[in-house]
Amino acid sequence: MMYWIVFALYTVVETITDLTVAWFPLYYELKIAFVIWLLSPYTRGASLIYRKCLHPLLSSREREIDEYIVQAKERSYETMVNFGKQGLSIAATAAVSAAVKGQGAITEKLRSLSMHDLTQIGQQDDRGNHPCIFPCQ
């Protein structure tokens, strides 16, 4: 675990130094040598850096770190609840609008025969169309 904490810190520092010091001769070779030094079981570089630098720093700020973790848990729960509510609201709105649009399309295609429609059928008969709505016998 010590190695991964030190390596995470190294990655952050590396991002900054790549932008500023990459022009330095042998920069990439020194980076590779440093990572090998961190990994090596003989040198135990990650353990040394963790024990001498990071552990005292993390121990002194343990309460603050614990408070941040609790706050992050609370905020993540609230955020998930809000996203859930918004998602349900969007889904309900989409379902209602689809139903309204679908009902309008069905109404246009399958409208019921009203008295006005029946009188138009009689007028169509005068023009030579068949007067029956259903097949006549």
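Residues numbered from 1 in each chain as written. Predicted model: local features only at pLDDT ≥ 70, side-chain atom pairs only at ≥ 80, totals over all residues. Heavy atoms only, no water.

Under the annotation held in an unreviewed UniProt entry, the protein carries the name Receptor expression-enhancing protein and is attributed to Poecilia latipinna. Word for word, the UniProt comment on the protein under Sequence similarities (unreviewed entry) is "Belongs to the DP1 family." Under the heading Function (unreviewed entry), UniProt records this for the protein: "Microtubule-binding protein required to ensure proper cell division and nuclear envelope reassembly by sequestering the endoplasmic reticulum away from chromosomes during mitosis. Probably acts by clearing the endoplasmic reticulum membrane from metaphase chromosomes." (UniProt positions renumbered as here; feature names shortened; annotations may be inferred.)

Trainee: Teacher, can you tell me more about unusual backbone geometry here?
Mentor: Peptide bonds are mostly trans, and most non-glycine residues show a negative phi. If you check the backbone angles, Leu-26 has positive phi at about 65° while not being a glycine. Positionally, Leu-26 belongs in the loop between α1 (2–20) and α2 (27–39). A positive phi is found at Arg-44, a non-glycine position, where the angle reads about 50°. Within the secondary structure layout, Arg-44 lies in the loop between α2 and α3 (45–60). (Helix = DSSP H or I, 4+ residues; strand = E, 2+ residues; numbered from the N terminus.)

Trainee: What should I look at first to understand the packing of α1 against α2 in this one?
Mentor: In contact at an axis separation of 11 Å, α1 and α2 are set at 170° when each is read in the N-to-C sense. Classified by the angle between their axes, α1 and α2 sit roughly antiparallel to one another. For the pair α1 and α2, contact is made by Tyr-3, Val-6, Tyr-10, Glu-14, Thr-17 and Asp-18 and by Tyr-27, Lys-31, Phe-34, Val-35, Leu-38 and Leu-39, respectively. Within the contact of α1 with α2, the residues separate by chemical class into eight nonpolar, one polar and three charged. (Axes fitted to C-alpha atoms, helices over the stretch in contact; angles between N-to-C directions. Parallel < 35°, antiparallel > 145°, perpendicular 65-115°, else oblique. Contact = heavy atoms within 4.5 Å. Nonpolar A, V, L, I, M, F, W, Y, C, P; charged D, E, K, R; others polar.)

Trainee: Would you explain α2 in this entry?
Mentor: The α-helix winds at 3.6 residues per turn, so residues separated by three or four positions along the chain end up facing the same way. The first and last C-alpha atoms of α2 sit 19 Å apart over 13 residues, in line with the 18 Å expected at 1.5 Å per residue. Regarding α2, the residues found buried are Tyr-27, Lys-31, Val-35 and Leu-38. Each buried residue of α2 sits inside an arc of 80° when the element is viewed along its axis, so together they form one side. Exposed residues lying more than 90 degrees from the buried face of α2 are Ile-32 and Ile-36. If you follow the buried residues of α2, they end up packed against α1 and α3. (Expected span 1.5 Å × (residues − 1). Buried < 20%, exposed > 50% of the residue type's maximum accessible area, 1.4 Å probe, protein only. Arc of directions from axis to C-beta.)

Trainee: Would you mind going over the side chain of Ser-40 with me for this structure?
Mentor: Turning to its location among the elements, Ser-40 is positioned in the loop between α2 and α3. On the accessibility criterion, Ser-40 (16% relative accessible area) is buried. Looking at Ser-40, its side chain comes within polar contact range of the main-chain nitrogen of Tyr-42, at 3.2 Å. (Polar contact = N/O pair within 3.5 Å; in protein donor to acceptor, adjacent residues only side chain to side chain.)

Trainee: Help me understand the packing of aromatic side chains, please; the structure alone is not making it clear to me.
Mentor: To describe a pair of aromatic rings, you give the distance between the ring centres and the angle between the ring planes. Enumeration according to the criterion identifies eight aromatic pairs in this entry. Ring geometry for Tyr-3 versus Phe-7: centroids 5.6 Å apart, planes at 25°, classification stacked. Here Tyr-3 pairs with Phe-7, and both are found in helix α1, just four residues apart, close to one helical turn. A relative accessible area of 18% means that Tyr-3 is categorised as buried. We classify Phe-7 as partly exposed; its relative accessible area is 26%. On the basis of an interplanar angle of 40° and a centroid distance of 5.5 Å, the ring pair of Tyr-10 and Phe-34 is categorised as tilted. (Phe/Tyr/Trp six-rings, centres within 6.5 Å; stacked < 30°, edge-to-face > 60°.)

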